[in-house]
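Secondary and tertiary structure notes
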Amino acid sequence: LVAQHPRIHLTINLTPVLLEQIDDYLERGATDRALDLTLTPAEKLDDAATEEILSSFFDADWHHQIYPHARYHELLEARRAGHPFDVQDLRDLQMWFNLAWFAPEFLDGIVELPDGGTASVRDLARQERGYRHDQVEAMVDEQYKILRAIVPMHRELQDAGRIEVSTTPYHHPILPLLIDTDGATIDRPGTRHPPRFAFPDDAEAQTRAAVAAYRQRFGRA
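Here's a quick rundown of the structure.

Considering the overall build of the chain
Check the secondary structure of the chain and you find eleven helices and four strands. For 221 residues, the compact-globule formula gives about 17 Å, and the C-alpha radius of gyration of the chain, at 22 Å, lies well above that figure. Counting only C-alpha atoms and orienting by the principal axes, one finds that the chain spans roughly 55 × 50 × 35 Å. In the chain, 62% of the contacts between residues at least 6 apart in sequence involve partners at least 24 apart. Within the structure as shown, the chain displays about 13200 Å² of accessible surface, and the carbon and sulfur contribution to it stands at 54%. Each charge class in the chain can be summarised by its mean position, and for the 23 positive and 37 negative side chains these summaries are 4 Å apart.

Set out below in structure tokens:
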């Protein structure tokens, strides 16, 4: 969006620990339960995994992420009514739980990436139903393309003077509390300080690590 509006100048904060987690997925084979359930062929889901999908794959804002998509809305109503889900229903749910979390730019169009490629799930969203497992895998591939583009896109915009990228101490701590929790303000009657924690060396290490990580990714201070 920033790239489309040259007169807008803003600052975007990227925490080192977030970027490390992205690298975990891209470079170190990290996964999570939702991803595992998404990539399991629907016909191979056992009863426990099926129930887990039915219990968790509607965890989205109903009004903004489910109701606008006819098939996702249909699946939600079937779940609320207690109707059984067949293999195709489960695969469509695997797809829509993920599609609903893509930004509208990817759902409605094709987004150019810094490496010259593109990312989009427009055709999958338009299909609405009847997905195959290889299409679910293709959708996940688009997620990974977007993850790979995050740092290059921010770096490109920053180098062009369009944005500034800020960062935080490495694991996003509240530095004054690492230095000394007794420095916290007591803001209401009955509140007390916790047992004192004071470790300024940790605050310095978190900051030093963040500076190094930023330089490594963005080539500047």
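Here's the deal with helix H3 (residues 47-56)
Structurally, the α-helix is built with 3.6 residues per turn, so residues lying three or four positions apart point the same way. Within H3, burial applies to Ala49, Thr50, Ile53 and Leu54. All buried residues of H3 project into a common sector of 135 degrees when viewed along the axis, lining one side. Turned more than 90 degrees from where H3 packs its buried face, Asp47 and Ala48 sit exposed. Elements in contact with the buried residues of H3: helix H2 (33-39), helix H5 (70-80) and helix H6 (87-99). Put simply, Asp46 is the residue that caps the front of H3, since its side-chain oxygen is 3.2 Å from the backbone nitrogen of Ala48.

Observations regarding the packing of aromatic side chains
Within this structure, the stated rule accounts for seven aromatic pairs. The interplanar angle of 65 degrees and the centroid separation of 6.5 Å between the aromatic rings of Phe197 and Phe199 together place this pair among those described as edge-to-face. On the basis of relative accessibility, which here comes to 38%, the residue Phe197 falls in the partly exposed class. Here the aromatic residues Phe58, Tyr72 and Trp96 are joined through ring pairs into a cluster of three or more.

Conventions adopted
Residues numbered from 1 in each chain as written. Predicted model: local features only at pLDDT ≥ 70, side-chain atom pairs only at ≥ 80, totals over all residues. Heavy atoms only, no water. Helix = DSSP H or I, 4+ residues; strand = E, 2+ residues; numbered from the N terminus. Rg over C-alpha atoms; globule rule 2.2 N^0.38 Å. Contact = heavy atoms within 4.5 Å. Areas by Shrake-Rupley, 256 points an atom, 1.4 Å probe, with all protein chains shown as cover. Lys, Arg positive; Asp, Glu negative; His and termini not counted. Charge placed at Lys NZ, Arg CZ, Asp CG, Glu CD. Buried < 20%, exposed > 50% of the residue type's maximum accessible area, 1.4 Å probe, protein only. Arc of directions from axis to C-beta. Polar contact = N/O pair within 3.5 Å; in protein donor to acceptor, adjacent residues only side chain to side chain. Phe/Tyr/Trp six-rings, centres within 6.5 Å; stacked < 30°, edge-to-face > 60°.

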